[in-house]
Amino acid sequence: LIEGWVSLLPDTVKRPQMQWNTLMFSERSASHPMLEGLDGAWMYFVHSFAGTPAATTVAEVMYGRSVVAALAKDNIWATQFHPEKSGSSGLRLLANFVASVKDRTAAASAS
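Everything numeric here is computed off the predicted structure, so don't read it as measured data. (Residues numbered from 1 in each chain as written. Predicted model: local features only at pLDDT ≥ 70, side-chain atom pairs only at ≥ 80, totals over all residues. Heavy atoms only, no water.)

Caption draft 1: The overall build of the chain, seen in detail. Helices and strands together make up the secondary structure of the chain, namely two helices and seven strands. Helices (α) and strands (β) of the chain occur, in sequence order from the N terminus, as β-β-α-β-β-β-β-β-α. Relative to the globule expectation of 13 Å for 111 residues, the C-alpha radius of gyration of the chain, 14 Å, shows essentially globular dimensions. The dimensions of the chain, computed from C-alpha atoms along their principal axes, are 50 × 30 × 20 Å. Expressed as a percentage of the 111 residues in the chain, the buried residues total 35%. For the chain, the exposed surface amounts to about 6,700 Å²; the carbon and sulfur share of it is 59%. Of the side-chain charges in the chain, 9 are positive and 9 negative, and the distance between the mean point of each set is 7 Å. (Helix = DSSP H or I, 4+ residues; strand = E, 2+ residues; numbered from the N terminus. Rg over C-alpha atoms; globule rule 2.2 N^0.38 Å. Buried < 20%, exposed > 50% of the residue type's maximum accessible area, 1.4 Å probe, protein only. Areas by Shrake-Rupley, 256 points an atom, 1.4 Å probe, with all protein chains shown as cover. Lys, Arg positive; Asp, Glu negative; His and termini not counted. Charge placed at Lys NZ, Arg CZ, Asp CG, Glu CD.)

Right, here's the structure in full:
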């Protein structure tokens, strides 16, 4: 469903990463509904493996290298961090997801 590569975090960083990190996203991905209101948000990560940034990447963090923090393709959204452990920023992301589903459902009902 999603093309790309996943690899072990580099030896130069502690594994697993168990900490907060700040999301970074490009101008292209800043308009994605997943990220609405989350510019510079802190999210909580627990992981030892990470994806390499690709066309589906909408947010990254730096942890020894650039690491995919979130990706999106069509109606698939995925995060490397834990929204449920990320406080108000995580709740915002989940609210963005619910709003997106409502928008898609309304659009499908209208056609």
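Caption draft 2: Fine view of helix α2 (residues 87-110). In a regular helix each residue adds 1.5 Å, so 24 residues correspond to 34 Å; α2 covers 35 Å between its end C-alpha atoms and thus fits that length. For α2, the secondary structure elements touched by its buried residues are β3 (42-47) and β7 (76-79). (Expected span 1.5 Å × (residues − 1). Contact = heavy atoms within 4.5 Å.)

Caption draft 3: Summary view of the packing of aromatic side chains. In this structure the tally under the stated criterion is three aromatic pairs. Ring geometry for Phe45 versus Phe81: centroids 5.6 Å apart, planes at 65°, classification edge-to-face. Placement of Phe45 in strand β3 and of Phe81 in the loop between β7 and α2 is noted, with a sequence separation of 36 residues between them. On the basis of relative accessibility, which here comes to 0%, the residue Phe45 falls in the buried class. With a centroid separation of 5.6 Å and 70° between ring planes, the pair formed by Trp77 and Phe97 is classed as edge-to-face. Within this pair, whereas Trp77 is found in strand β7, its partner Phe97 is found in helix α2, the two being separated by 20 residues in sequence. Relative accessible area serves as the criterion here: at 18%, Trp77 is assigned to the buried category. By relative accessible area, Phe97 is classed as partly exposed at 39%. (Phe/Tyr/Trp six-rings, centres within 6.5 Å; stacked < 30°, edge-to-face > 60°.)

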